[in-house]
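The lines below spell out each chain.
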Amino acid sequence: MDISAFVLFWAAIFTSNILLTNFLGMCSYLSVSREIESSFGLGVAVIFVLTVTSALNWLVYHYILLPFDIVYLQYIVFIIVIAAFVQFLELLIERYAPALYYTLGIFLPLITVNCAIFGVSLFMIIRNYNFLQSIAFGAGSGIGWLLAILLLAGIRRKLKEKMVPQGLRGAGISLIITGIMAMGFIGFSGIVQIQ
Amino acid sequence: MINKILSDIALMSAIGSVLALIMVIAQRWLSNYGEVKVNINGKRELTVKGGNSLLNTLSDQQIFIPSACGGRGSCGACKCKVESGGGPLLPTERPLLSKEEISGNIRLACQVKVKSDIAIEIPESIFNIRRFNSVVEEIIDYTYDIKGITFKLTDGQSIDFKAGQYVQLESQPYEKIKNKVVRAYSISSKPEYKDRIQLIIRQVPDGICSTWVHKHLKVGDKVNFTGPYGDFYLRDTDADILFVAGGSGKAPIKAILEHLKEVGTTRKMTYFFGARSLRDLYLTEDMQALEKVFDQFEYVPVLSHPVAEEHWEGKTGFVMPYFKDAIRDPKHTEAYLCGSPGMISAVTKALKEYGLDEDKIYYDSFG
Amino acid sequence: MAWMKTKSITTVLGDIMKKTPSEKKIQAKMQPGIITYGGFLGTDKRSYLQIIADDEKSLEALGKTAEELADRLEYFQQVSFDSFEAQAVVDDKWEVETEVVRGYLPCPFMHQGMYRKSYTTVKNLQSQKSFTFSSLNIHLIRVHHFFEGRNSHFRLDPAEIVKELF
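Report on the accompanying structure. In this text the structure is predicted, and so the values were computed from the model without any measurement.

**Topic: the overall build of chain A**
1) Next: Within chain A, the secondary structure is distributed over nine helices and zero strands.
2) Next: Ordered by position from N to C terminus, the α and β elements of chain A give α-α-α-α-α-α-α-α-α.
3) Next: The C-alpha radius of gyration computed for chain A amounts to 17 Å, which stays within 12% of the reference 16 Å derived for 195 residues, consistent with globular compactness.
4) Next: Taking the principal axes of the C-alpha coordinates as reference, chain A spans close to 60 × 45 × 30 Å.
5) Next: The buried share of chain A, reckoned over its 195 residues, is 39%.

Structure, rendered in structure tokens:
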């Protein structure tokens, strides 16, 4: 792919937002967006994990999976790498930044099962990104995810006092809002295509 | 074909094992803090394994900093001075510490993790707090909702305390309750008994520990507790004494009176026991017997809502109006109060109006 | 299988799976034997979030806020403290008394703060209905809009409070 890493970075945030365009990472997005503070904490952790795991998985794919011809095992291997990294990150933060651990820490295990993480790794393989492009894509996707969850958290905070029909409360109205936001983000799509 | 499958499986396992190995090494290296030194009050130095909270590290060394919430960071009872080595102030500590405390290096022992050499300062009295194993020796039903339980220390242990102090009892799992809780109760027996203590325990609505004590505890059961805690005890002067306590607040007063019976005293003492009705009175005969033992001791039960059928002929209403007759020289009188904050503030107000010095009014407040 | 009539499988799974870690911890703290003997949920099968949502709906229908109810309960508690926790009659309609025991209870909602174990009982002299609540209950209602689950020891039903204590 011939797009510069810089352009990929911005595209991943706006025109190809991992959550609003590709609808990945919905689970924790829907449940954690109940509180703005937790959303911010989780979003920051996701950015970090996405950036590093994209890099790690790219290296594993090109230096282990390809040479040894076990590309078909990429699903399992990517997930294992993500889980291991998240665990490692938790230990690191607990040791060197205990204050950060207490504010962020609970959300790290939650990230392992975020399908956006896995999705980004798969996308970079399918679209054949090089190393720099992968990192840019990972970081941008993370920021895009943070943006989406903060937007939803803000809207849900405003919705708290409003009358939402009983059947739509919770996941129902959140998905409708997400759909409307996605339509809004389609407005960015003319700027650059990366898929 | 089969070769490829086997080699791929081997490769997969290799990748998994490498990652697992990296994780184990990371865990060992990152979570292992090795041995660290804890310097206490500039005098004692302990060498301990790092990685735990200061509260747990010290309790493993048989030094018990008080904690009401079990180390969850909710109560602030475990405040202590950390001179160095405590790391940065954690967001979980901030809400419970004042600005002066923070600048004075006061931290919450249950939140501070011991990761490197650390120097702390704790009051000397904490060294006297120990963990005790005991068995239930006797259970007495004092009233419909109050029991007196005697715990005999096992393994030749002995406890050293001042009459008026309390212990923290550990309840055991029972029925659907799977965990233990820790609750504070005043010691109601005299300190001269070094191998046993008595606690007076009242059934609390929906209470975990009191329900365990009232419905499940039997003679012979094993029970653990830590103590002694508290700075409520009799001051050694010759001033007159007013005791005011009702319900389970009688416990520390009973301990003090039994201790005085042992050592002897000529001080003038009056004990006002406030209760609702006749069925809330207990140990009345024991108190009346003490009136005969001491030169000048009077036991004054006061009922606020006596039931007509009980034919109560003693004093009624609140205790405060009856203080007047018991006070000889307000400047030479001490008061010892044990009970709810409401009772304590009401009684303190009345005593000050009668002329007592505020710093001669000692209290053990429930809340 | 009665619960299947009122909820679809996805909602039930949603209840179990989609709680954030802190929500799971709060639900766990409300179980019997963790903070209190009976716990905060009684025989209720709903999650605490659902209980709050349903009670908030009742409050809307009654035209009162949770803060107003908490203020009313605190009013009775304060009158009782002023009378040194002995029995007192308020406004000729209610009888209050309070019992305080040693110790504190933490709030199950995962934030700092220990609440005194003071239990106030208010009896409406006309209907003879009694309500008992603790300092923790007042906090739970005011800040978290949480009235406890059905059949819990200290469950306060918003409709009954409005009817009997105002």
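**A look at the packing of helix α4 (residues 48-62) of chain C against helix α7 (residues 158-165) of chain C**
Residue and element names in this part refer to chain C.
1) Next: Two numbers describe how α4 lies on α7: the axes approach to 9 Å, and their chain directions differ by 35°. Across the interface between the two elements, Asp55, Ser58, Leu59 and Leu62 from α4 touch Pro158, Ala159 and Val162 from α7.
2) Next: When its residues are assigned to classes, the contact of α4 with α7 shows five nonpolar, one polar and one charged.

**Topic: the sheet that holds strand β12 (residues 240-245) of chain B**
Hydrogen bonds between backbone atoms are what pair the strands of a sheet, whose relative direction is either parallel or antiparallel.
Residue and element names in this part refer to chain B.
1) Next: Sheet architecture is open: six strands sit in the order β15-β14-β13-β12-β16-β17, paired in parallel fashion. Each edge of the open sheet carries a strand with a single partner, namely β15 (315-316) and β17 (361-365).
2) Next: Note: β12 against strand β16 (residues 333-339), six bridges, orientation parallel. Along β16, the bridge assignment pairs Phe243 with Tyr336.
3) Next: The sheet strands contacting helix α5 (residues 250-263) are β12, β13 (269-275), β16 and β17, and the helix crosses β12 at an angle near 150°.
4) Next: With respect to the sheet, helix α6 (residues 284-293) is in contact with β13 and β14 (297-303), its orientation differing from that of β14 by roughly 150°.

**Considering the pairing of β12 of chain B**
All names here are of chain B.
1) Next: Most of β12 is tucked away: five of the six residues are buried.
2) Next: By the bridge criterion, four bridges tie β12 to β13 in an arrangement that is parallel. Across the sheet, Val244 pairs through a bridge with Phe272, a residue of β13.
3) Next: Tracing the backbone out of β12, into α5 and back to the parallel element β13 gives a crossover that is right-handed.

Criteria and thresholds
- Residues numbered from 1 in each chain as written.
- Chains lettered and ligands numbered in written order.
- Predicted model: local features only at pLDDT ≥ 70, side-chain atom pairs only at ≥ 80, totals over all residues.
- Helix = DSSP H or I, 4+ residues; strand = E, 2+ residues; numbered from the N terminus.
- Rg over C-alpha atoms; globule rule 2.2 N^0.38 Å.
- Buried ≥ 20, exposed ≤ 12 C-beta atoms within 10 Å, placed from the backbone.
- Axes fitted to C-alpha atoms, helices over the stretch in contact; angles between N-to-C directions.
- Contact = placed C-beta atoms within 7 Å.
- Nonpolar A, V, L, I, M, F, W, Y, C, P; charged D, E, K, R; others polar.
- Pairing = 2+ DSSP bridges.
- Right-handed = clockwise from strand over helix to strand, strands pointing away.

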